[in-house]
Amino acid sequence: MELPAQRVPVVARCDVLVVGGGSAGLAAAIAARRQGADVILVERYGYLGGLASGGLIVLLLTMDDGAGRQVVAGLCQELVERLETRGGCFYPPKGDWGDPSAELIERYRRWGLVWGSAPHRVRYSVAYDPEEFKLVANQWVQEAGVRLMYHRWASDLVLDGDRITHVVFTSKAGRQAIACDTVIDSSGDGDLFALAGEPFELEQVHPWLWFRMSGIEDVEALQEAGGDGFFRTVRAGQALMPWGAAGRIDRRIDATNPDDLTHAEIECRRMVMEEVDRLPGQTPGFEQAYLTDIALTLGITESRRLVGRYVLRREDLDQPFDDVVAVTGHWTKYGCVYQIPYRSLLPQRIDNLLAAGRCISVDHRAHHATKEIPACFATGEAAGVAAALALRANLTPREVDVSALQRALLKAGAWLPDGADNS
Ligand SMILES: Cc1cc2nc3c(=O)[nH]c(=O)nc-3n(C[C@H](O)[C@H](O)[C@H](O)COP(=O)(O)OP(=O)(O)OC[C@H]3O[C@@H](n4cnc5c(N)ncnc54)[C@H](O)[C@@H]3O)c2cc1C
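Residues numbered from 1 in each chain as written. Predicted model: local features only at pLDDT ≥ 70, side-chain atom pairs only at ≥ 80, totals over all residues. Heavy atoms only, no water.

Enquirer: Explain the overall build of the protein here, please?
Expert: Helix and strand content of the protein: 10 helices and 18 strands. Over its C-alpha trace the protein gives a radius of gyration of 21 Å, about what one expects of a compact globule, namely 22 Å for 423 residues. When its C-alpha atoms are laid out on the principal axes, the protein stretches across 65 × 55 × 40 Å. Sorting the 423 residues of the protein into buried and exposed places 58% on the buried side. (Helix = DSSP H or I, 4+ residues; strand = E, 2+ residues; numbered from the N terminus. Rg over C-alpha atoms; globule rule 2.2 N^0.38 Å. Buried < 20%, exposed > 50% of the residue type's maximum accessible area, 1.4 Å probe, protein only.)

Here's what the structure looks like:
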């Protein structure tokens, strides 16, 4: 069938349009705004954070290299400080980072801050409360002067040659367009680069649904007595049930297919509720426990990944890049990092588009590390600063002087390897 042509009102204009308000989009919007750009951040739901809040994935894994050195700073570090002022997070103090002592490892494992295989060391990883994240994020974008637009779903775009002129959003008000100079695709699923016809890889994954229980007498005491499969949270008597139900659903799904998502929503919710019904009767300490919340969104580790100007590969672990704009440790490995090159944020053809977060240009194995929340913050921050610098110099993001970008990131507080700005 064909839809009749429709006139779509242009409801706003901006320098930088950030689509998707997860970790990456939040960082991109604030970073671009702090560099002086006029920024609109559009999110389909009514809260910021994406998986990092609504998905109940409430663990920043990790901000270090697994050997005691912090490698993600900038806006992610600022998030931790903002959460801390509200008592909304927990993390090992700096003096513990890199420490191999079994006692400390066990202490932090109970918070979900130790993963991978032994020998372990204490990491700079952070557990936090999702509602505190949402509040902090709203205040943060407002303070920064970002124009926040909730409840709009990017569904189309208008191209003039290789340039996006408008993104079209669908909402209860119908279809509306926003005109912009540069677009940052932080939709997690790469909706914008897919609409623009850029090449991508699509991964099918097992979906998860994290949930939390409250009314537990003493979570730490239970863990000391051997209780497993749940983590402490910043709220007394509350446990985070990572990954959701003990089992997983019958098949992998394509998270860009609504029929697959429907199947996953029904199955995961059924399985979580079976677990919620089972726990009080069968798990000592959970007798009075009750469900606090189930994640609002399915836990989708992977869907579309851009095939951009450079595809970061597993073999690139510990490799230096001249155009590094973000660095991430590996949550299951110690003492190694990925340097993320600027080219992994750049699509092949479209002039005024950048990708940030879990949909950047990496292979499946590198994605294991680059999808983590701190890394998403770091690539979001890099994309936001790059977009603003490009506008200021009247260049496309591809033409930006990478040394200038690295200097601007360092000045803003991001962490980059020594000499990254050629200084
Ligand atoms: C089960 C699971 C466990 C994980 N464990 C950890 C962990 O312990 N620690 C860790 O650091 N990381 C973990 N991760 C990874 C991490 O949570 C995510 O990769 C990261 O949060 C992704 O951030 P993002 O901003 O790229 O995308 P998302 O958080 O997915 O944000 C994308 C945002 O865009 C919005 N959006 C999407 N499409 C549109 C559209 N068309 N129009 C408008 N808005 C749109 C969404 O609503 C969402 O808010 C885990 C992931 C999963 C699934």
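Enquirer: Honestly, the packing of helix α1 (residues 23-34) against helix α4 (residues 130-144) in this entry has me stumped. Any pointers?
Expert: The interhelical angle for the contact between α1 and α4, taken along N-to-C directions, is 20 degrees, at an axis separation of 10 Å. Relative to α4, α1 is oriented roughly parallel. Crossing hand, α1 versus α4: left-handed. Side by side, α1 and α4 meet where L26, I30, R33 and R34 of the first sit next to F133, A137, W140, V141 and A144 of the second. Classifying every residue of the contact of α1 with α4 by side-chain character gives seven nonpolar, no polar and two charged. (Axes fitted to C-alpha atoms, helices over the stretch in contact; angles between N-to-C directions. Parallel < 35°, antiparallel > 145°, perpendicular 65-115°, else oblique. Left-handed = near helix turned anticlockwise from the far one by under 90°. Contact = heavy atoms within 4.5 Å. Nonpolar A, V, L, I, M, F, W, Y, C, P; charged D, E, K, R; others polar.)

Enquirer: When you look at the site of the ligand in this model, what are you seeing that I'm missing?
Expert: Around the ligand sit 36 residues, and of these E43, R44, L59, K371 and I373 come closest. Between a nitrogen atom of the ligand and a side-chain N or O atom of W153, the distance comes to 3.5 Å. In this structure, A154 approaches the ligand through a main-chain N or O atom, which is 2.9 Å from a nitrogen atom. When the free accessible area of the ligand is taken as 1000 Å², the share hidden by the protein chains comes to 98%. For the shell around the ligand, the elements supplying multiple residues, two or more each, are α1, β7 (153-160) and α9 (373-392). In terms of residues, the shell around the ligand owes the most to one element, α9, which gives three residues. (Near = heavy atom within 4 Å. Polar contact = N/O pair within 3.5 Å; in protein donor to acceptor, adjacent residues only side chain to side chain. Areas by Shrake-Rupley, 256 points an atom, 1.4 Å probe, with all protein chains shown as cover.)

Enquirer: When you look at the packing of helix α2 (residues 74-85) against α4 in this model, what are you seeing that I'm missing?
Expert: Each pair of packed helices can be summarised by the angle the axes make with each other and by the distance between the axes. At a minimum axis separation of 10 Å, α2 and α4 run at an interaxial angle of 115 degrees. The two elements α2 and α4 cross, and the hand of that crossing is right-handed. Residues L75, E78, L79, R82 and L83 of α2 lie in contact with α4, whose contacting residues are E132, F133, V136, W140 and E143. Here the contact of α2 with α4 is built from residues that sort into six nonpolar, no polar and four charged.

Enquirer: Looking at this model, I keep getting lost on helix α10 (residues 402-411). Mind explaining?
Expert: In an α-helix, one turn spans 3.6 residues; hence positions three or four apart end up facing the same way. Those residues of α10 that fall on the buried side of the exposure criterion are S403, L405, Q406, A408 and L409. Against β16 (324-329) and α9 lie the buried residues of α10. One side-chain oxygen of the residue at the start of α10 lies 3.0 Å from the amide nitrogen of S403, identifying that residue as D401. At the C-terminal side of α10, G413 shows a positive phi close to 110 degrees.

Enquirer: Explain the packing of aromatic side chains here, please?
Expert: The description of two aromatic rings rests on the distance between their centres and on the angle between their planes. On inspection of all chains with the given rule, the structure shows 11 aromatic pairs. Geometrically, the ring pair formed by Y45 and Y47 is stacked, given 6.0 Å between the ring centres and 25 degrees between the ring planes. Here Y45 falls in the partly exposed class, since its relative accessible area comes to 31%. With relative accessibility at 10%, the residue Y47 sits in the buried group. Ring centres 5.3 Å apart and planes at 70 degrees place the aromatic pair F230 and F286 in the edge-to-face group. With F230 in the loop between α6 (219-224) and β12 (231-232) and F286 in the loop between α7 (258-282) and β14 (290-294), this pair connects stretches of sequence that are 56 residues apart. Accessibility expressed as a relative area gives 6% for F230, which makes it buried. An aromatic cluster is present here, built from F90, Y108 and W111 joined pairwise through their rings. Lying across the ring of Y334, R123 places its NZ or CZ 5.2 Å from the centre. Here R304 stacks its cationic end above the ring of F200, 5.4 Å away from the centre of that ring. (Phe/Tyr/Trp six-rings, centres within 6.5 Å; stacked < 30°, edge-to-face > 60°. Lys NZ or Arg CZ within 6 Å of the ring centre and 35° of its normal.)

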